[in-house]
Amino acid sequence: MSARLTHALETGALALPEGRISVFAPAPDMDLSALDPERVEVISRFYPDVEAWQARGYRVLQAPEGHYQTAIVALPRAKDAARALIAQAAACCDLLVVDGQKTDGIATILKAMKTIAPPEGTLAKAHGKVFWLAAPDLTAWAGGPRTVDGFVTRPGVFSADGPDKGSLALVDALPDLSGHVVDLGAGWGFLDRRILASDKVMTLDIVEADLTALDCARENVTDPRARFHWADATRFKPDTLVDAVVTNPPFHVGRAGDPALGRAFLDQAARILKPGGQLWVVANRHLPYEDRLAEVFRDVDKVGGTPGFKVLKAAKPMRSKG
Ligand SMILES: C[S@@+](CC[C@H](N)C(=O)[O-])C[C@H]1O[C@@H](n2cnc3c(N)ncnc32)[C@H](O)[C@@H]1O
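Residues numbered from 1 in each chain as written. Predicted model: local features only at pLDDT ≥ 70, side-chain atom pairs only at ≥ 80, totals over all residues.

A.B. asks: Help me understand the overall build of the protein chain in this model?
C.D. replies: The secondary structure content of the protein chain amounts to 9 helices and 18 strands. Against the compact-globule benchmark of 20 Å for 322 residues, the protein chain has a radius of gyration of 21 Å, which places it among compact chains. Seen through its principal axes, the protein chain has C-alpha atoms that stretch 65 × 40 × 35 Å. By the burial criterion, 45% of the 322 residues in the protein chain qualify as buried. Considering only intrachain contacts with a sequence separation of at least 6, the fraction spanning at least 24 residues in the protein chain is 63%. (Helix = DSSP H or I, 4+ residues; strand = E, 2+ residues; numbered from the N terminus. Rg over C-alpha atoms; globule rule 2.2 N^0.38 Å. Buried ≥ 20, exposed ≤ 12 C-beta atoms within 10 Å, placed from the backbone. Contact = placed C-beta atoms within 7 Å.)

A.B. asks: Sorry if this is basic, but what is going on with the sheet that holds strand E11 (residues 201-208) here?
C.D. replies: The strands that make up a sheet are held in pairs by hydrogen bonds between backbone atoms, and each pair lies either parallel or antiparallel. Read across the sheet, 7 strands follow the order E12-E11-E10-E13-E16-E18-E17 without closing on themselves; strand pairing throughout is mixed. This sheet does not close on itself; its edge strands, each paired only once, are strand E12 (226-230) and strand E17 (297-305). Pairwise comparison of adjacent strand axes, ignoring direction, gives a mean angle of 20° for this sheet. Across the face of the sheet, helix H8 (residues 259-272) comes into contact with strand E10 (179-184), strand E13 (242-247), strand E16 (273-284), E17 and strand E18 (309-317) while running at roughly 160° to E16. (Pairing = 2+ DSSP bridges. Axes fitted to C-alpha atoms, helices over the stretch in contact; angles between N-to-C directions.)

A.B. asks: Can you help me understand the site of the ligand in this one?
C.D. replies: The ligand sits among 20 residues. The nearest are Ser167, Gly185, Gly187, Ala209 and Ala233. Elements that contribute at least two residues to the shell around the ligand include exactly helix H6 (190-196) and E11. (Near = placed C-beta within 6 Å.)

A.B. asks: Would you explain the domain arrangement of the protein chain in this entry?
C.D. replies: Interfaces are frequently sized by the accessible area removed from exposure as the parts join. Taken domain by domain, the protein chain holds domain 1 (3-141) and domain 2 (146-321). Computed over C-alpha atoms, the centres of domain 1 and domain 2 are 32 Å apart. If you look at the interface, domain 1 gives 12 residues, while domain 2 gives 11 residues. At the level of secondary structure, the elements contributing two or more residues to the side of domain 1 that touches domain 2 comprise helix H2 (47-55) and helix H3 (79-90). Here the element with the most residues in the side of domain 1 that touches domain 2 is H3; it accounts for 3 residues. (Domains from an automatic or database assignment.)

A.B. asks: Would you explain the nonpolar core in this entry?
C.D. replies: Grouped burial of nonpolar side chains is what soluble globular proteins tend to show. With 95 residues, the main nonpolar core has Phe24, Val73, Leu96 and Val245 as its most contacted residues. When residues of this core are sorted by domain, at least three fall in each of domain 1 (3-141) and domain 2 (146-321). Among all residues touching Phe24, those that are not within four sequence positions of it are Ile43, Ala71, Ile72, Val73, Ala74, Leu85 and Ala89. (Core = buried A, V, L, I, M, F, W, Y, C linked by C-beta atoms within 7 Å.)

A.B. asks: Just checking my understanding: could you explain the sheet that holds strand E5 (residues 93-101) for this structure?
C.D. replies: Taking strand neighbours across the sheet as the criterion, the 7 strands line up as E3-E2-E1-E4-E5-E7-E6 in an open arrangement whose pairing is mixed. A strand with exactly one partner marks an edge of an open sheet, and here the two such strands are strand E3 (59-61) and strand E6 (121-125). This sheet shows a mean twist of 20° between the axes of neighbouring strands, independent of strand direction. Pairing between strand E1 (residues 21-24) and strand E4 (residues 68-74): 4 bridges, direction parallel. Note that in E4 the partner of Phe24 across the bridge is Val73. The sheet contacts of helix H1 (residues 3-10) involve E5, E6 and strand E7 (128-134), and relative to E6 the element is tilted by about 130°.

A.B. asks: When you look at the packing of H8 against helix H9 (residues 289-296) in this model, what are you seeing that I'm missing?
C.D. replies: Packed helices, taken two at a time, are described by the angle their axes make and the gap between the axes. Contact pair H8 / H9: the axes reach a minimum separation of 10 Å and the direction vectors enclose 25°. Classified by the angle between their axes, H8 and H9 sit roughly parallel to one another. Crossing of H8 over H9 shows right-handed handedness. Mapping the contact onto sequence places Gly262, Arg263, Leu266, Asp267 and Ala270 in H8 and Tyr289, Arg292, Leu293 and Val296 in H9. Of the residues assigned to the contact of H8 with H9, the class counts are 5 nonpolar, 1 polar and 3 charged. (Parallel < 35°, antiparallel > 145°, perpendicular 65-115°, else oblique. Left-handed = near helix turned anticlockwise from the far one by under 90°. Nonpolar A, V, L, I, M, F, W, Y, C, P; charged D, E, K, R; others polar.)

A.B. asks: Explain H3 to me, please; I cannot follow it from the model alone.
C.D. replies: Think of an α-helix as 3.6 residues a turn; residues three or four steps apart then line up on the same face. Along its 12 residues, H3 runs 16 Å from first to last C-alpha, staying within 8% of the 16 Å computed at 1.5 Å per residue. Buried residues of H3: Ala82, Arg83, Ala84, Leu85, Ile86, Gln88, Ala89 and Ala90, and no others. Buried residues belonging to H3 abut E1, E4, E5 and helix H4 (106-114). (Expected span 1.5 Å × (residues − 1).)

A.B. asks: Whenever I open this one, unusual backbone geometry confuses me. Can you help?
C.D. replies: For residues that are not glycine, phi is negative in most cases, and the peptide bond is trans in most cases. Phi is positive for Asp149, close to 50°, though the residue is something other than glycine. With respect to the helices and strands, Asp149 occurs in the loop between strand E8 (146-148) and strand E9 (151-153). A tally of 9 C-beta atoms within 10 Å means that Asp149 is categorised as exposed.

A.B. asks: I tried to follow the pairing of E16 on my own but got confused; where do I start?
C.D. replies: Direction of pairing for E13 relative to E16: parallel, over a ladder of 5 bridges. For Val242, the partnering residue across the bridge sits in E16 and is Leu273. In this structure, E16 lies alongside E18, joined through 7 bridges in antiparallel fashion. Within E18, the residue paired with Asn284 across the bridge is Phe309.

A.B. asks: Help me out: how do you make sense of the environment of His7 in this one?
C.D. replies: Structurally, His7 can be placed in helix H1. Linking His7 and Glu295, residues 288 residues apart in sequence, is a C-alpha distance of 47 Å. Once residues lying within four places of it in the same chain are set aside, the contact partners of His7 are Leu123 and Lys125.

Have a look at this one:
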(Lines give C-alpha, C1' and ligand atoms only; values in the text may rest on other atoms or scores of the structure.)
Protein backbone atom coordinates (compact mmCIF):
# COMPACT_ATOMS: atom_id res chain seq x y z
CA MET A 1 0.00 0.00 0.00
CA SER A 2 1.18 3.47 -0.62
CA ALA A 3 2.20 5.71 2.28
CA ARG A 4 -0.89 7.80 1.46
CA LEU A 5 -3.31 4.96 1.76
CA THR A 6 -1.71 3.70 4.97
CA HIS A 7 -1.87 7.27 6.34
CA ALA A 8 -5.53 7.64 5.34
CA LEU A 9 -6.38 4.36 7.11
CA GLU A 10 -4.25 4.89 10.21
CA THR A 11 -5.54 8.42 10.82
CA GLY A 12 -9.12 7.26 10.36
CA ALA A 13 -9.65 9.67 7.45
CA LEU A 14 -10.65 6.60 5.45
CA ALA A 15 -12.65 3.91 7.26
CA LEU A 16 -13.22 0.73 5.29
CA PRO A 17 -16.51 -1.13 5.71
CA GLU A 18 -16.42 -4.71 7.02
CA GLY A 19 -16.14 -7.36 4.33
CA ARG A 20 -14.20 -8.28 1.22
CA ILE A 21 -11.51 -6.02 -0.24
CA SER A 22 -10.21 -6.24 -3.80
CA VAL A 23 -6.93 -4.55 -4.71
CA PHE A 24 -6.56 -3.95 -8.44
CA ALA A 25 -3.14 -4.09 -10.13
CA PRO A 26 -0.88 -3.41 -7.13
CA ALA A 27 2.84 -3.29 -7.90
CA PRO A 28 4.58 -6.24 -6.26
CA ASP A 29 6.41 -3.96 -3.81
CA MET A 30 3.21 -2.38 -2.47
CA ASP A 31 2.74 -2.75 1.26
CA LEU A 32 -0.74 -4.10 2.01
CA SER A 33 0.01 -4.75 5.69
CA ALA A 34 -2.58 -2.22 6.91
CA LEU A 35 -5.27 -4.50 5.44
CA ASP A 36 -6.39 -7.82 6.91
CA PRO A 37 -4.94 -10.35 4.39
CA GLU A 38 -7.87 -12.70 5.06
CA ARG A 39 -10.19 -10.11 3.52
CA VAL A 40 -7.97 -9.14 0.58
CA GLU A 41 -8.04 -10.47 -2.98
CA VAL A 42 -5.43 -9.12 -5.38
CA ILE A 43 -6.62 -8.67 -8.96
CA SER A 44 -3.66 -8.89 -11.33
CA ARG A 45 -3.17 -10.00 -14.93
CA PHE A 46 0.64 -9.62 -15.07
CA TYR A 47 2.26 -13.01 -14.53
CA PRO A 48 5.35 -11.97 -12.51
CA ASP A 49 3.14 -9.83 -10.21
CA VAL A 50 0.70 -12.71 -9.79
CA GLU A 51 3.55 -15.00 -8.76
CA ALA A 52 4.92 -12.36 -6.34
CA TRP A 53 1.55 -11.85 -4.60
CA GLN A 54 0.88 -15.58 -4.41
CA ALA A 55 4.33 -16.08 -2.86
CA ARG A 56 3.30 -13.58 -0.19
CA GLY A 57 0.26 -15.69 0.59
CA TYR A 58 -2.45 -13.61 -1.08
CA ARG A 59 -5.36 -14.95 -3.07
CA VAL A 60 -4.83 -13.61 -6.59
CA LEU A 61 -7.46 -13.47 -9.33
CA GLN A 62 -7.32 -12.22 -12.92
CA ALA A 63 -10.77 -10.63 -12.68
CA PRO A 64 -13.02 -9.78 -9.74
CA GLU A 65 -15.33 -12.54 -8.50
CA GLY A 66 -18.63 -11.41 -7.03
CA HIS A 67 -19.14 -8.32 -4.89
CA TYR A 68 -16.63 -6.53 -2.68
CA GLN A 69 -17.38 -4.03 0.07
CA THR A 70 -14.19 -2.15 -0.90
CA ALA A 71 -12.20 -1.99 -4.13
CA ILE A 72 -8.82 -0.28 -4.14
CA VAL A 73 -7.31 0.63 -7.51
CA ALA A 74 -3.57 1.20 -7.86
CA LEU A 75 -3.65 3.62 -10.77
CA PRO A 76 -1.80 2.45 -13.89
CA ARG A 77 -0.12 5.05 -16.04
CA ALA A 78 -1.93 4.49 -19.36
CA LYS A 79 -5.03 6.71 -19.27
CA ASP A 80 -7.41 4.33 -21.05
CA ALA A 81 -6.22 1.42 -18.94
CA ALA A 82 -6.69 3.49 -15.77
CA ARG A 83 -10.28 4.37 -16.66
CA ALA A 84 -11.12 0.80 -17.67
CA LEU A 85 -9.68 -0.58 -14.43
CA ILE A 86 -11.54 1.96 -12.28
CA ALA A 87 -14.78 1.17 -14.14
CA GLN A 88 -14.24 -2.55 -13.56
CA ALA A 89 -13.59 -1.94 -9.85
CA ALA A 90 -16.59 0.39 -9.48
CA ALA A 91 -18.87 -2.22 -11.01
CA CYS A 92 -18.14 -4.74 -8.24
CA CYS A 93 -17.92 -2.72 -5.01
CA ASP A 94 -19.65 -0.38 -2.53
CA LEU A 95 -16.66 1.82 -1.66
CA LEU A 96 -14.24 2.74 -4.43
CA VAL A 97 -10.72 3.88 -3.46
CA VAL A 98 -8.29 5.16 -6.10
CA ASP A 99 -4.64 5.64 -5.25
CA GLY A 100 -2.01 7.00 -7.62
CA GLN A 101 1.12 8.96 -8.22
CA LYS A 102 1.10 12.43 -9.77
CA THR A 103 3.29 11.06 -12.54
CA ASP A 104 0.64 8.41 -13.30
CA GLY A 105 -2.08 11.04 -13.78
CA ILE A 106 -4.01 10.87 -10.49
CA ALA A 107 -4.91 14.59 -10.73
CA THR A 108 -6.51 14.10 -14.17
CA ILE A 109 -8.49 11.09 -12.98
CA LEU A 110 -9.66 12.94 -9.87
CA LYS A 111 -10.79 15.89 -11.99
CA ALA A 112 -12.67 13.58 -14.35
CA MET A 113 -14.26 11.76 -11.41
CA LYS A 114 -15.51 15.04 -9.95
CA THR A 115 -17.57 15.61 -13.11
CA ILE A 116 -19.36 12.29 -12.42
CA ALA A 117 -19.51 12.04 -8.63
CA PRO A 118 -17.76 14.09 -5.93
CA PRO A 119 -15.27 12.09 -3.84
CA GLU A 120 -16.10 11.76 -0.14
CA GLY A 121 -12.47 12.14 0.83
CA THR A 122 -9.15 13.05 -0.74
CA LEU A 123 -5.68 12.92 0.71
CA ALA A 124 -2.49 14.19 -0.94
CA LYS A 125 0.85 12.78 0.22
CA ALA A 126 4.08 11.31 -1.11
CA HIS A 127 3.82 12.76 -4.65
CA GLY A 128 0.32 11.49 -5.21
CA LYS A 129 -3.28 11.37 -4.07
CA VAL A 130 -5.82 8.90 -2.81
CA PHE A 131 -9.56 9.54 -3.07
CA TRP A 132 -12.63 7.52 -2.21
CA LEU A 133 -16.36 7.55 -2.80
CA ALA A 134 -19.43 5.35 -2.99
CA ALA A 135 -18.87 3.54 -6.29
CA PRO A 136 -20.63 5.48 -9.06
CA ASP A 137 -21.77 4.10 -12.41
CA LEU A 138 -18.65 4.31 -14.58
CA THR A 139 -19.75 2.19 -17.52
CA ALA A 140 -18.79 5.09 -19.78
CA TRP A 141 -15.15 4.49 -18.72
CA ALA A 142 -15.14 0.75 -19.42
CA GLY A 143 -12.67 0.16 -22.22
CA GLY A 144 -13.41 -2.26 -24.98
CA PRO A 145 -11.34 -3.88 -27.68
CA ARG A 146 -10.45 -1.92 -30.81
CA THR A 147 -9.06 -2.91 -34.16
CA VAL A 148 -5.92 -1.25 -35.52
CA ASP A 149 -4.37 -2.32 -38.82
CA GLY A 150 -6.39 -5.52 -38.64
CA PHE A 151 -5.25 -6.40 -35.09
CA VAL A 152 -7.37 -6.39 -31.94
CA THR A 153 -5.87 -4.45 -29.01
CA ARG A 154 -7.23 -3.47 -25.58
CA PRO A 155 -6.56 -0.54 -23.24
CA GLY A 156 -3.24 -0.76 -21.43
CA VAL A 157 -1.51 -3.32 -23.66
CA PHE A 158 1.84 -2.34 -25.14
CA SER A 159 1.45 -0.09 -28.21
CA ALA A 160 -2.37 -0.34 -28.19
CA ASP A 161 -2.65 2.32 -30.92
CA GLY A 162 -0.89 0.24 -33.57
CA PRO A 163 2.38 -1.50 -34.37
CA ASP A 164 5.43 -0.24 -32.46
CA LYS A 165 8.19 1.39 -34.55
CA GLY A 166 10.73 -1.07 -33.20
CA SER A 167 8.52 -4.02 -34.12
CA LEU A 168 8.13 -2.61 -37.65
CA ALA A 169 11.93 -2.36 -37.94
CA LEU A 170 12.27 -5.97 -36.77
CA VAL A 171 9.67 -7.21 -39.27
CA ASP A 172 11.55 -5.42 -42.07
CA ALA A 173 14.80 -7.19 -41.21
CA LEU A 174 13.35 -10.61 -40.41
CA PRO A 175 13.92 -13.41 -42.97
CA ASP A 176 11.56 -16.37 -43.32
CA LEU A 177 12.30 -18.51 -40.27
CA SER A 178 11.88 -22.27 -39.99
CA GLY A 179 11.28 -25.01 -37.44
CA HIS A 180 10.39 -24.24 -33.85
CA VAL A 181 10.26 -20.50 -33.07
CA VAL A 182 9.62 -18.63 -29.81
CA ASP A 183 8.42 -15.03 -29.47
CA LEU A 184 9.41 -13.75 -26.02
CA GLY A 185 7.15 -10.89 -24.84
CA ALA A 186 4.78 -11.22 -27.77
CA GLY A 187 2.27 -8.50 -26.79
CA TRP A 188 -0.87 -8.65 -28.95
CA GLY A 189 0.86 -10.73 -31.62
CA PHE A 190 2.12 -8.27 -34.22
CA LEU A 191 5.39 -10.14 -34.86
CA ASP A 192 3.66 -13.51 -34.79
CA ARG A 193 1.67 -13.07 -37.98
CA ARG A 194 4.93 -12.19 -39.75
CA ILE A 195 6.74 -15.21 -38.29
CA LEU A 196 3.90 -17.51 -39.33
CA ALA A 197 3.94 -16.11 -42.88
CA SER A 198 6.81 -18.58 -43.40
CA ASP A 199 5.43 -22.02 -44.14
CA LYS A 200 8.73 -23.50 -42.93
CA VAL A 201 7.78 -22.59 -39.35
CA MET A 202 6.38 -25.72 -37.66
CA THR A 203 5.61 -24.40 -34.18
CA LEU A 204 5.48 -20.90 -32.68
CA ASP A 205 5.46 -20.48 -28.91
CA ILE A 206 3.90 -17.11 -28.10
CA VAL A 207 5.03 -16.05 -24.62
CA GLU A 208 3.55 -13.03 -22.85
CA ALA A 209 3.16 -11.97 -19.20
CA ASP A 210 0.24 -9.57 -19.68
CA LEU A 211 -2.88 -11.73 -19.90
CA THR A 212 -4.88 -8.97 -21.61
CA ALA A 213 -2.25 -8.73 -24.37
CA LEU A 214 -2.10 -12.52 -24.66
CA ASP A 215 -5.89 -12.67 -25.02
CA CYS A 216 -5.56 -10.18 -27.89
CA ALA A 217 -2.82 -12.34 -29.45
CA ARG A 218 -5.16 -15.35 -29.30
CA GLU A 219 -7.68 -13.36 -31.34
CA ASN A 220 -5.05 -12.01 -33.74
CA VAL A 221 -3.20 -15.25 -34.40
CA THR A 222 -5.50 -18.12 -35.28
CA ASP A 223 -2.89 -20.28 -37.04
CA PRO A 224 -2.86 -23.80 -35.52
CA ARG A 225 0.97 -23.77 -35.40
CA ALA A 226 0.78 -21.14 -32.62
CA ARG A 227 0.81 -22.11 -28.93
CA PHE A 228 0.05 -19.48 -26.29
CA HIS A 229 1.82 -19.23 -22.93
CA TRP A 230 0.90 -16.88 -20.10
CA ALA A 231 4.36 -16.92 -18.51
CA ASP A 232 7.44 -15.01 -17.42
CA ALA A 233 9.66 -14.95 -20.53
CA THR A 234 12.80 -14.75 -18.41
CA ARG A 235 12.05 -18.27 -17.15
CA PHE A 236 10.08 -19.75 -20.06
CA LYS A 237 11.29 -23.23 -21.06
CA PRO A 238 9.91 -24.74 -24.29
CA ASP A 239 9.58 -28.53 -24.45
CA THR A 240 12.76 -28.79 -26.56
CA LEU A 241 15.57 -26.41 -27.58
CA VAL A 242 14.37 -24.21 -30.44
CA ASP A 243 15.56 -22.98 -33.84
CA ALA A 244 14.85 -19.27 -33.43
CA VAL A 245 13.85 -16.72 -30.82
CA VAL A 246 12.33 -13.43 -31.87
CA THR A 247 11.87 -10.61 -29.37
CA ASN A 248 11.18 -6.94 -28.89
CA PRO A 249 12.04 -7.03 -25.19
CA PRO A 250 10.44 -4.75 -22.60
CA PHE A 251 12.61 -2.05 -21.11
CA HIS A 252 10.41 -1.24 -18.11
CA VAL A 253 9.72 -3.03 -14.85
CA GLY A 254 6.43 -1.59 -13.67
CA ARG A 255 6.89 2.14 -14.08
CA ALA A 256 10.70 2.28 -14.01
CA GLY A 257 13.02 1.87 -17.00
CA ASP A 258 15.25 -1.14 -16.46
CA PRO A 259 17.53 -2.62 -19.15
CA ALA A 260 18.15 -5.58 -16.80
CA LEU A 261 14.76 -7.01 -17.79
CA GLY A 262 15.65 -6.86 -21.49
CA ARG A 263 19.01 -8.49 -20.74
CA ALA A 264 17.21 -11.28 -18.87
CA PHE A 265 15.20 -11.91 -22.07
CA LEU A 266 18.48 -12.22 -24.04
CA ASP A 267 19.92 -14.62 -21.44
CA GLN A 268 16.83 -16.79 -21.63
CA ALA A 269 16.99 -16.81 -25.43
CA ALA A 270 20.56 -18.13 -25.19
CA ARG A 271 19.39 -20.87 -22.81
CA ILE A 272 16.52 -22.14 -24.98
CA LEU A 273 18.16 -22.04 -28.44
CA LYS A 274 19.73 -25.05 -30.16
CA PRO A 275 23.49 -24.72 -30.77
CA GLY A 276 22.65 -23.74 -34.37
CA GLY A 277 19.73 -21.49 -33.39
CA GLN A 278 19.39 -17.75 -33.93
CA LEU A 279 18.07 -14.81 -31.89
CA TRP A 280 16.47 -11.84 -33.62
CA VAL A 281 16.05 -8.82 -31.39
CA VAL A 282 15.11 -5.17 -31.81
CA ALA A 283 15.94 -2.45 -29.30
CA ASN A 284 16.11 1.30 -28.91
CA ARG A 285 19.52 2.42 -30.08
CA HIS A 286 20.47 3.70 -26.62
CA LEU A 287 19.92 0.32 -24.93
CA PRO A 288 23.20 -1.44 -24.13
CA TYR A 289 22.30 -4.92 -25.38
CA GLU A 290 25.32 -5.69 -27.59
CA ASP A 291 27.61 -6.18 -24.58
CA ARG A 292 25.24 -8.64 -22.98
CA LEU A 293 24.68 -10.48 -26.26
CA ALA A 294 28.45 -10.83 -26.67
CA GLU A 295 28.57 -12.53 -23.25
CA VAL A 296 25.96 -15.16 -24.14
CA PHE A 297 26.42 -15.60 -27.93
CA ARG A 298 29.58 -16.14 -30.00
CA ASP A 299 28.27 -14.27 -33.07
CA VAL A 300 26.41 -10.96 -32.87
CA ASP A 301 25.57 -8.83 -35.93
CA LYS A 302 23.63 -5.67 -36.56
CA VAL A 303 21.30 -6.60 -39.40
CA GLY A 304 18.95 -3.68 -39.74
CA GLY A 305 17.19 -0.81 -38.06
CA THR A 306 16.00 2.77 -38.29
CA PRO A 307 17.40 6.01 -36.82
CA GLY A 308 15.72 5.07 -33.50
CA PHE A 309 16.08 1.29 -33.41
CA LYS A 310 18.68 -1.39 -34.07
CA VAL A 311 17.93 -4.96 -35.14
CA LEU A 312 20.50 -7.48 -33.95
CA LYS A 313 20.99 -11.13 -34.84
CA ALA A 314 22.85 -13.42 -32.47
CA ALA A 315 23.98 -17.00 -33.10
CA LYS A 316 25.99 -19.75 -31.38
CA PRO A 317 24.60 -19.46 -27.85
CA MET A 318 27.01 -20.20 -25.03
CA ARG A 319 25.57 -22.59 -22.47
CA SER A 320 27.77 -21.44 -19.57
CA LYS A 321 25.29 -18.73 -18.59
CA GLY A 322 22.59 -21.34 -18.20
C1 LIG B 1 8.27 -3.97 -26.16
S2 LIG B 1 6.79 -4.96 -25.95
C3 LIG B 1 6.76 -5.90 -27.47
C4 LIG B 1 5.43 -6.52 -27.74
C5 LIG B 1 5.31 -7.24 -29.11
N6 LIG B 1 6.34 -8.25 -29.27
C7 LIG B 1 5.38 -6.25 -30.25
O8 LIG B 1 6.38 -6.29 -30.95
O9 LIG B 1 4.45 -5.47 -30.40
C10 LIG B 1 7.34 -6.10 -24.71
C11 LIG B 1 6.26 -7.06 -24.20
O12 LIG B 1 6.84 -7.88 -23.17
C13 LIG B 1 5.86 -8.09 -22.17
N14 LIG B 1 6.56 -8.46 -20.92
C15 LIG B 1 7.10 -7.65 -19.99
N16 LIG B 1 7.70 -8.38 -19.03
C17 LIG B 1 7.53 -9.67 -19.37
C18 LIG B 1 7.93 -10.89 -18.79
N19 LIG B 1 8.64 -10.94 -17.67
N20 LIG B 1 7.59 -12.04 -19.42
C21 LIG B 1 6.88 -12.01 -20.57
N22 LIG B 1 6.47 -10.89 -21.17
C23 LIG B 1 6.80 -9.73 -20.58
C24 LIG B 1 5.09 -6.81 -22.12
O25 LIG B 1 3.81 -7.01 -21.54
C26 LIG B 1 5.04 -6.40 -23.59
O27 LIG B 1 3.88 -6.92 -24.21
